[in-house]
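Next come the chains, spelled out residue by residue.
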Amino acid sequence: MVIAGGGFGGLYAARRLEHVLPPESARITLVSDTNFLLYTPLLPGAASGTLEPRHVVVPLRSELHRTDIRFGWVTGADPALSELRYRTLDGRSETLRYDHLIVALGSVSRVLPIPGLADHGLGFKTISEAIALRNRVLVNLEVAEASESPEQRREYLTFVFVGAGYAGVEGIAELQDFVADVIERYPRARLEGTRWIIVEAEDRIMPEIDPGLADFATRELQARGIEVRTGTRVSAVEENSVQLSTGERIPCRTVCWTAGVKPPAIVRELGLPLTERGRIDVDATMRVRGHRNVWAIGDAAAVPDPAARGTRPSPPTAQHAIRQGRRVAENVAATLGKGRVRPFRYRTLGVFVDMGRHKAVAQMFGLKLRGFPAWWAARTYHLAMMPGASRRLRLLIDWTVALLFERDSAELGQLGHPPSLRGFLETPGESGAPPAEAARAQAGPRGP
Ligand SMILES: Cc1cc2nc3c(=O)[nH]c(=O)nc-3n(C[C@H](O)[C@H](O)[C@H](O)COP(=O)(O)OP(=O)(O)OC[C@H]3O[C@@H](n4cnc5c(N)ncnc54)[C@H](O)[C@@H]3O)c2cc1C
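The structure displayed is predicted, hence computed values, not measured ones. (Residues numbered from 1 in each chain as written. Predicted model: local features only at pLDDT ≥ 70, side-chain atom pairs only at ≥ 80, totals over all residues. Heavy atoms only, no water.)

**Notes on the site of the ligand**
Among the 30 residues in the neighbourhood of the ligand, the closest are listed as Gly9, Asp33, Thr40, Val74 and Asp299. Here Phe8 contributes a backbone N or O atom positioned 3.1 Å from an oxygen atom of the ligand. Measuring from an oxygen atom of the ligand, one finds a backbone N or O atom of Gly9 at 2.7 Å. Among the elements of the structure, helix 1 (8-20), strand 5 (68-78), helix 7 (166-182) and helix 10 (318-335) are those that each provide at least two residues to the shell around the ligand. When residues are assigned to domains, the shell around the ligand turns out to be shared by domain 1 (2-107 + 263-348) and domain 2 (117-261), each giving three or more. (Near = heavy atom within 4 Å. Polar contact = N/O pair within 3.5 Å; in protein donor to acceptor, adjacent residues only side chain to side chain. Helix = DSSP H or I, 4+ residues; strand = E, 2+ residues; numbered from the N terminus. Domains from an automatic or database assignment.)

**Description of the sheet that holds strand 7 (residues 93-97)**
Pairing within the open sheet is mixed, and its seven strands lie in the order 7-6-5-2-1-8-20. One side of each edge strand has no neighbouring strand; the edge strands of this open sheet are strand 7 and strand 20 (294-296). Ignoring which end each strand starts from, the neighbouring axes of this sheet average 35 degrees apart. (Pairing = 2+ DSSP bridges. Axes fitted to C-alpha atoms, helices over the stretch in contact; angles between N-to-C directions.)

**Considering the pattern of salt bridges**
If the charged atoms of two oppositely charged side chains come close together, the side chains can form a pair. In this structure the tally under the stated criterion is 27 salt bridges. A salt bridge links Glu192 to Arg153; the shortest N-O distance between them is 3.3 Å. Taken together, the positions of Glu192 in helix 8 (residues 187-192) and Arg153 in helix 6 (residues 150-156) put the pair 39 residues apart, joining distant regions of the chain. Judged by its relative accessible area of 25%, Glu192 falls in the partly exposed class. Where Glu227 meets Arg195, a salt bridge forms, and the shortest distance between an N and an O atom there is 2.8 Å. Taken together, the residues Glu227 in strand 13 (residues 227-229) and Arg195 in strand 12 (residues 195-199) connect sequence positions 32 residues apart. (Salt bridge = Lys/Arg side-chain N within 4 Å of Asp/Glu carboxyl O. Buried < 20%, exposed > 50% of the residue type's maximum accessible area, 1.4 Å probe, protein only.)

**Here's the deal with helix 7**
Counted at 1.5 Å a residue, the expected span for helix 7 with its 17 residues is 24 Å, and the 24 Å between its end C-alpha atoms agrees. In terms of burial, helix 7 is largely enclosed, as 14 of its 17 residues are buried. (Expected span 1.5 Å × (residues − 1).)

**Side note on the pairing of strand 15 (residues 241-244)**
Within a regular strand, the side chains alternate between the two sheet faces. Alignment of strand 14 (residues 234-238) against strand 15, held across four bridges, turns out to be antiparallel. Looking at strand 15, one finds that Val234 is bridged to Leu244. Here strand 14 hands over to strand 15 after two residues, the two strands then running antiparallel side by side. Two strands pair when backbone bridges link them, and strand 15 and strand 16 (residues 249-251) are joined in this way by three bridges, in the antiparallel orientation. Counterpart to Ser241 in the pairing with strand 16 is Pro251. What sits between strand 15 and strand 16 in their antiparallel hairpin is a turn of four residues, with Gly247 showing a positive phi close to 95 degrees.

**Comments concerning a positive patch on the surface**
A cluster of basic residues, Arg110, Arg233, Lys262, Arg268 and Arg277, forms a positive patch on the protein surface. Summarising the element assignment, Arg110 is placed in the loop between strand 9 (108-109) and helix 4 (117-120). (Patch = residues over 30% accessible without salt bridge, like charges linked within 9 Å, V, L, I, M, F, W, Y side chains within 5 Å. Areas by Shrake-Rupley, 256 points an atom, 1.4 Å probe, with all protein chains shown as cover. Lys, Arg positive; Asp, Glu negative; His and termini not counted. Charge placed at Lys NZ, Arg CZ, Asp CG, Glu CD.)

**A closer look at the side chain of Asn140**
Relative to the assigned elements, Asn140 resides in helix 5 (residues 127-146). Not counting residues within four places of it along the chain, the set of residues in contact with Asn140 comprises Tyr156, Phe159, Arg253 and Thr254. (Contact = heavy atoms within 4.5 Å.)

**Things to note about the packing of aromatic side chains**
Inspection of every chain in the model, using the stated rule, returns six aromatic pairs. Considering the side-chain rings of Phe159 and Trp196, the 4.4 Å spacing of their centres and the 20 degrees angle between planes classify their relative orientation as stacked. Placement of the pair is Phe159 in strand 11 (residues 158-162) and Trp196 in strand 12, with a sequence separation of 37 residues. Of the two residues examined, Phe159 and Trp196, each falls in the buried class. One aromatic cluster in this structure is built from Phe372, Trp375 and Trp376. (Phe/Tyr/Trp six-rings, centres within 6.5 Å; stacked < 30°, edge-to-face > 60°.)

Encoded structure:
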């Protein structure tokens with residue numbers, strides 16, 4: 001068995017395969033371009049600093065015990081030959097032969113060709129983007145604090161999110177909450193005040209969830225002073241402003257783009273049928289149409305949504321990807337004589353939209369919750385869902401520390417960009433030694 005992608009769908013498929021197939025009957029190989037699962041529902045917490053970035057990822061090797069994990073980039077496939085190709089970390093091309101292939105390659109940001117967007121916008125889908133966003137917010141506070149110009153302060157203190165799905169709503173709510181806590185340390189910026197705007201092209205926020213709960217979340221955002229602009233598009237982005245379809249120009253220095261996802265480009269290189277929207281075309285059992293031994297799940301696949309009687313694809317959520325991962329593993333096992341192949345069935349029992357410390361909206365068993373009870377329910381849910389006892393403990397510790405102590409406002413933009421040693425290279429004579437001696441030292445023991 002080969003699994004492409006080690007996110008929610010891929011990890012849960014591998015775990016269930018390890019469980020249902022005896023080691024002697026199946027060899028499981030998983031190829032992924034990160035060696036961890038990014039637990040995206042907690043990404044806004046990492047961006048706001050409530051959670052340590054390392055605590056919102058799950059190393060694949062600590063969760064999978066007999067899966068052969070290959071850290072590399074899937075580069076193509078030949079379904080007729082049952083082969084998957086990938087590039088290793090050291091640049092080699094490898095080919096894996098499979099009896100069954102499960103494609104779980106997730107999605108990437110869908111960036112529209114809006115003038116200036118690709119140059120000035122920030123994404124919010126990966127751990128590096130979450131950290132960059134937090135650092136951008138802190139840099140903006142620092143610049144605004146030091147600025148003598150009220151216009152410039154306003155630009156730096158205005159934050160615009162485009163796209164009101166999970167990522168946009170949770171991202172803007174968590175960051176606004178973070179800034180509300182740290183702004184006390186920036187007296188000028190505090191006097192100026194911050195402005196937060198979320199722009200959504202559809203006529204409501206959060207298409208992934210029930211309209212009633214989305215309304216509830218809208219009211220919660222508005223009650224916190226976040227401007228919600230539905231039925232509005234962004235028409236241009238500049239370094240210091242964003243232009244809306246309504247004709248309004250908003251001076252701002254931060255535009256975070258969270259307006260939807262699309263399958264990664266590699267999905268087009270796999271020789272599999274795609275839907276109009278570019279997701280892999282699968283039937284209700286998640287088998288790729290026309291391919292006996294290829295399956296696809298998660299954001300990259302158009303798995304018919306059981307909640308809509310299969311009339312539309314499942315929404316791109318972790319909740320769906322996890323259940324699809326488990327069911328697809330059982331279906332693969334069924335083709336080997338263990339049980340029977342069954343369609344994907346799943347009805348959401350609860351939905352949580354985290355909005356910062358002690359704040360959330362939730363719907364569980366038909367009940368709508370807000371504020372602390374919803375936040376508590378969301379925490380409990382994520383603790384239950386987070387794979388691995390040690391990860392759960394780390395989350396508990398982070399949340400407890402966040403309850404007891406004030407937020408950290410250190411800007412760590414230099415992380416991941418260490419200075420090159422070249423910047424400190426001594427020139428002959430600089431070390432205080434006579435030039436000839438310094439040159440000998442640089443040339444090493446076999447020098448002149
Ligand atoms: C900020 C944010 C918050 C979210 N909050 C929620 C939430 O609260 N609840 C919820 O249900 N959903 C939420 N989601 C959506 C959820 O993250 C996705 O629906 C889910 O991750 C989809 O799972 P997947 O397995 O299809 O893809 P992923 O989890 O993205 O996994 C895909 C994997 O494939 C790897 N990959 C991609 N290309 C290659 C390649 N060429 N070679 C090798 N490996 C590759 C990727 O690195 C990744 O590891 C959120 C998303 C974001 C961005």
